[in-house]
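Summary of the model geometry
What follows is the residue order along each chain.
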Amino acid sequence: MKLAVLFGGISSEHEISCLSAASILRNLDRTKYEIYAVGITRDGAWRYCPTCDVERIENGSWERMADLVPALLPPDRGVHGLVLLREGAAETVRLDCVFPVLHGAGGEDGTVQGLLELAGIPYVGCGVAASANSMDKSITKVLVETAGVRQAKYYLALRHDFERGAEGVVRAAAEQLGSFPVFVKPCSQGSSVGVAKANNMLELAAGLTEAFALDDKVLVEEFIDGHEVECAVLGNREPVASTVGEIAPTQEFYTFDAKYKDESSKLYIPAHITERQIETVRRNALRVYRALGCRGLARVDFFVTHADGEVVFNELNSIPGFTSISMYPKLFDYEGVRYPELLDRLISFAWEERHG
Ligand SMILES: Nc1ncnc2c1ncn2[C@@H]1O[C@H](COP(=O)(O)OP(=O)(O)O)[C@@H](O)[C@H]1O
Ligand SMILES: [Mg+2]
């Protein structure tokens, strides 16, 4: 099977994508897959990397290799794969499947998925609408509400309104939520980029200013004091939910640095919550997965409140972190599904979606 792994990308999570992809490339069974590693630079250039070893993808030096080949993935179904531009001559490679290992904008948001739909190539993970809807936290909120799953109270702030009158927006958000602290989050970022905790009006105003530098829409959310837990979901029509893992950040919340730089954040599998709470998280994870129309995979994140043990939805990631220490593969490993087998299953779900 000819499989292209897409990595890198134009989003703020470029590096994380490279780490995830390196780990996927390490674990794919080479006897089953003929692999085409295609890196997307920060500027959005697509490059087939014929001799990229995983270390080079991990440390970013792949971009400077001399033998990179400009690659196109045209929507043309006749091509059904890559066009490699080697010294002026175009060579086509028919692909059986694509694994987009891209976090954030231009990869996890339905754009690449749309291209792959047009090209008619099976791909791992959620389709166009589910990807787009889970990338935008404000749209996720609306869909999760219809699923009857509890989530943090929120106020949606729009850039246009903020530019016309920042004070009014700050006041309206604070009034609607009723008390501090609150969380400020750009609607379409990931990896905690632009996320801030605000303890008062001044910090809220500063948080909004920073968040609006990254996005046109910003959520202001009620602060949820609880265990931070995550559930991995796998499958198409009959998805299964893993056990629940917990993140114990050593910083004030799970920031970008706590996620990727500070080694001291801890993961617990299973989470330090009761059996019943684990079951509630799993059930709600499946509900949210279905409400958003996900397929393939997603990691669904919740809080379990310290005060009364309530399960509160936080967000859904349609292309979760996939490094060897990431929660998604670890949760399935705990369930007895080893990393290479997990990848096989994801690829067969992609295939099943298109070919039944
Ligand atoms: N309402 C909230 N209450 C408490 N902590 C929050 C809240 N929202 C986000 N956080 C903290 O901020 C982190 C990042 O926010 P999240 O919504 O998961 O966005 P991202 O897509 O960047 O991961 C979370 O992992 C959590 O630690
Ligand atoms: Mg998150």
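Criteria and thresholds
Residues numbered from 1 in each chain as written. Chains lettered and ligands numbered in written order. Predicted model: local features only at pLDDT ≥ 70, side-chain atom pairs only at ≥ 80, totals over all residues. Heavy atoms only, no water. UniProt positions renumbered as here; feature names shortened; annotations may be inferred. Salt bridge = Lys/Arg side-chain N within 4 Å of Asp/Glu carboxyl O. Helix = DSSP H or I, 4+ residues; strand = E, 2+ residues; numbered from the N terminus. Buried < 20%, exposed > 50% of the residue type's maximum accessible area, 1.4 Å probe, protein only. Domains from an automatic or database assignment. Contact = heavy atoms within 4.5 Å. Buried area = accessible area lost by both parts, 1.4 Å probe. Pairing = 2+ DSSP bridges. Axes fitted to C-alpha atoms, helices over the stretch in contact; angles between N-to-C directions. Near = heavy atom within 4 Å. Polar contact = N/O pair within 3.5 Å; in protein donor to acceptor, adjacent residues only side chain to side chain. Areas by Shrake-Rupley, 256 points an atom, 1.4 Å probe, with all protein chains shown as cover. Nonpolar A, V, L, I, M, F, W, Y, C, P; charged D, E, K, R; others polar. Core = buried A, V, L, I, M, F, W, Y, C linked by side-chain atoms within 4.5 Å. Right-handed = clockwise from strand over helix to strand, strands pointing away.

The protein chain is annotated in an unreviewed UniProt entry as D-alanine--D-alanine ligase of Agathobaculum faecis. The record in UniProt for the protein chain states the following under Catalytic activity (unreviewed entry): "2 D-alanine + ATP = D-alanyl-D-alanine + ADP + phosphate + H(+)".

Right, let's talk about the pattern of salt bridges for a bit. Inspection of the entire model under this criterion finds 26 salt bridges. Measuring nitrogen to oxygen at the nearest pair gives 3.4 Å for the salt bridge that ties E315 to K137. In this pair, E315 is assigned in strand 16 (residues 311-317) and K137 in helix 5 (residues 137-146), connecting sequence segments 178 residues apart. E315 sits in the buried class, given a relative accessible area of 15%. Under the relative-accessibility criterion, K137 is labelled buried at 13%. One salt bridge in this structure joins E279 and R282, with 3.4 Å as the shortest N-O distance. With a gap of 3 residues between them, E279 and R282 both fall in helix 10 (residues 275-291), about one helical turn apart.

A word on the domain arrangement of the protein chain. The domain boundaries assigned to the protein chain delineate domain 1 (2-123), domain 2 (134-150 + 225-355) and domain 3 (154-222). For domain 2 and domain 3, the distance between their C-alpha centroids amounts to 25 Å. Facing the 17 residues of domain 2 at the interface are 18 residues of domain 3. Together, the buried faces of domain 2 and domain 3 total about 1,400 Å²; carbon and sulfur atoms form 50% of this surface. Summed over the three residues of domain 2 that lose the most area to domain 3, namely K137, K141 and F253, the buried surface amounts to 40% of that side.

Now for the sheet that holds strand 12 (residues 226-235). Spatial ordering of the open sheet is given by 14-13-12-15-16, a layout of 5 strands whose pairing is antiparallel. The open sheet has two free edges, formed respectively by strand 14 (266-268) and strand 16, since each of these has just one partner strand. Going across the sheet, the axis of each strand differs from the next one's by a mean of 30 degrees, ignoring polarity. Note: strand 12 against strand 15 (residues 296-305), 10 bridges, orientation antiparallel. Residue pairing in the sheet places A232 in a bridge with R299 of strand 15.

With that out of the way, let us pick up the site of ligand 1. Neighbouring ligand 1 are 19 residues; K137, K185, S192, E221 and E228 lie closest to it. At a separation of 2.8 Å, a nitrogen atom of ligand 1 approaches a polar backbone atom of E222. Starting from 540 Å² of accessible surface for ligand 1 in isolation, the protein chains cover 96%. Elements supplying a minimum of two residues to the shell around ligand 1: strand 9 (182-186), strand 11 (217-222) and strand 16. Partitioned by chemical class, the residues of the shell around ligand 1 number 7 nonpolar, 5 polar and 7 charged. Shared between two domains, the shell around ligand 1 takes at least three residues from each, and those domains are domain 2 (134-150 + 225-355) and domain 3 (154-222).

Take the nonpolar core next. Counting 42 residues, the largest nonpolar core has V5, L28, F99, F322 and L346 as the members making the most contacts within it. Elements supplying a minimum of two residues to this core: strand 1 (2-8), helix 1 (14-27), strand 2 (34-40), helix 2 (54-59), strand 7 (97-100), strand 12, helix 11 (327-334) and helix 12 (339-355). A total of 7 residues in this core trace back to one element, the largest contributor, which is helix 12. Each of domain 1 (2-123) and domain 2 (134-150 + 225-355) contributes no fewer than three residues to this core.

Most of strand 2 sits out of view: 6 of its 7 residues are buried. Of the strand pairs in this sheet, strand 1 and strand 2 are connected by 7 bridges, and their pairing is parallel. Counterpart to G8 in the pairing with strand 2 is I40. Each parallel crossover has a hand, and the one from strand 1 via helix 1 to strand 2 is right-handed. Strand direction decides the pairing type here: strand 2 and strand 3 (residues 46-48), joined by 3 bridges, are antiparallel. What sits directly across from V38, in strand 3, is Y48.

As a general feature of sheets, a regular strand has side chains that alternate between the two faces. Here strand 4 (residues 69-72) shows a buried face lined by V69 and A71 and an unburied face lined by P70 and L72. As judged from the 2 bridges shared by strand 3 and strand 4, these two strands associate in the antiparallel manner. Along strand 4, the bridge assignment pairs Y48 with V69. Sheet analysis places strand 4 next to strand 5 (residues 81-86), joined by 2 bridges and oriented antiparallel. Paired with L72 across the strands is V83, a residue of strand 5.

When the UniProt feature table is mapped onto this chain, "binding site: Mg(2+) 2" (unreviewed entry) is found at E315 and N317. Those residues within four positions of E315 in sequence are excluded, and the remaining contacts are K137, R299, V300 and D301. Among the polar contacts made by the side chain of E315, one reaches the side chain of K137 at a distance of 3.4 Å. By the element assignment, N317 lies in strand 16. Contacts of N317, omitting those with residues within four sequence positions, involve E108, A298, R299 and D301.

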